[in-house]
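In case you want the letters, here they are:
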Amino acid sequence: TVSSLNHPNICTLHDVGREGDTDYLVMELIEGETLAQRLVKGALPLADVLKLGAQIADALDRAHRAGVMHRDLKPGNVMLTKSGAKLMDFGLARATGMGAVSEMTSSPTVVGPLTTEGTIIGTFQYMAPEQLEGQEADTRADLWALGCVLYEMATGKRAFEGKSQASLITAIMGSHPAPISQVSPLAPAALESLVGA
């Protein structure tokens, strides 16, 4: 399903296979840096937030219309190239409309057996509350993650922070991030409204 996604802002998947006990994906070679690498330097200029954010949203829209949920949208899974943003790493993706996931990782984005039941898939900082509660998530969870990524692009800070996984989960479940305008006073109110929606 993922290999059928043909979009200028989605990394092309050329092949899926298995060699011995190892599953593999063959993807297009993309030159550039990840959004996470760029964010080390701080917030992006507003024009870049809007341009790249629209490209990421368009890529998610294409995936969702094709019945694919990304489930691990984060700055490390977005490449910045000369032509714009490329959404990558559909390794945790699944088709929408499926039942509850029974095979989950024991730690977010760590390679390992997908057999521990009742744990969480994805990267905590960008996970929707229903994912953290182990509930069935739909494409709206990707939109939550997009909001977190846009917040970070605009402010240079993560929307939710915590000193441990428990405090991070508590922050996501029970608080709101500081308003973008408080962290980045020049950000337009419309961006705040979009990210907070």
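Caption draft 1: Here's a closer look at the overall build of the chain. Of regular secondary structure, the chain possesses seven helices and seven strands. Listing every helix and strand of the chain by position from the N terminus yields β-β-β-α-α-β-β-β-β-α-α-α-α-α. A fraction of 59% describes how many contacts in the chain between residues 6 or more apart in sequence connect residues 24 or more apart.

Caption draft 2: Local environment of the pairing of strand β6 (residues 84-87). In terms of strand pairing, strand β5 (residues 78-81) meets β6 through four bridges, oriented antiparallel. Bridge assignment links M79 to a residue of β6, and that residue is K86. Between β5 and the antiparallel strand that follows it, β6, lie two residues.

Caption draft 3: Here's a closer look at the side chain of R38. Here R38 is to be found in helix α1 (residues 35-39). Here R38 is buried and forms no salt bridge, its nearest opposite-charge partner E33 lying at an N-O distance of 5.1 Å. Separated by 2.9 Å, the side chain of R38 and the backbone oxygen of G42 make a polar contact.

Caption draft 4: Molecular detail of a nonpolar patch on the surface. Residues V16, L25 and M27 make up a contiguous nonpolar surface patch of roughly 260 Å² in combined accessible area. Along the chain, V16 falls in strand β1 (residues 13-19). Of the residues examined, V16 reaches a relative accessible area of 53% and is grouped as exposed.

Caption draft 5: Focus on the environment of K157. Note on placement: K157 falls in the loop between α4 (139-155) and α5 (165-174). Each C-alpha atom of the pair K157 and L39 lies 8.6 Å from the other, and the pair is 118 residues apart in sequence.

Caption draft 6: A look at the sheet that holds strand β3 (residues 33-34). Spatially, the three strands line up as an open sheet ordered β3-β5-β6, and their pairing is antiparallel. Two strands in the sheet have a free side with no partner beyond their single neighbour: β3 and β6. By the bridge criterion, two bridges tie β3 to β5 in an arrangement that is antiparallel. Note that in β5 the partner of E33 across the bridge is L80.

Caption draft 7: Structural view of the pattern of salt bridges. Throughout the structure, instances matching the rule amount to six salt bridges. For E28, the salt bridge goes to K86, with nearest N and O atoms at 3.1 Å. Here K86 lies in strand β6 and E28 lies in the loop between β2 (22-27) and β3, a separation of 58 residues in the sequence. Its relative accessible area of 23% is what places E28 among the partly exposed residues. Its salt-bridge partner being D138, residue R140 comes within 2.6 Å of it at the nearest N-O pair.

Caption draft 8: Spotlight on the packing of aromatic side chains. Using the criterion set out here, one finds one aromatic pair in the structure. Between the aromatic rings of W144 and F160, the centroid separation amounts to 5.8 Å while the plane-to-plane angle is 10 degrees, which identifies the pairing as stacked. Note that W144 is positioned in helix α4 and F160 in the loop between α4 and α5, a separation of 16 residues in sequence. Given a relative accessible area of 29%, W144 falls into the partly exposed group.

About the cut-offs
Residues numbered from 1 in each chain as written. Predicted model: local features only at pLDDT ≥ 70, side-chain atom pairs only at ≥ 80, totals over all residues. Heavy atoms only, no water. Helix = DSSP H or I, 4+ residues; strand = E, 2+ residues; numbered from the N terminus. Contact = heavy atoms within 4.5 Å. Pairing = 2+ DSSP bridges. Buried < 20%, exposed > 50% of the residue type's maximum accessible area, 1.4 Å probe, protein only. Lys, Arg positive; Asp, Glu negative; His and termini not counted. Salt bridge = Lys/Arg side-chain N within 4 Å of Asp/Glu carboxyl O. Polar contact = N/O pair within 3.5 Å; in protein donor to acceptor, adjacent residues only side chain to side chain. Patch = residues over 30% accessible without salt bridge, like charges linked within 9 Å, V, L, I, M, F, W, Y side chains within 5 Å. Areas by Shrake-Rupley, 256 points an atom, 1.4 Å probe, with all protein chains shown as cover. Phe/Tyr/Trp six-rings, centres within 6.5 Å; stacked < 30°, edge-to-face > 60°.

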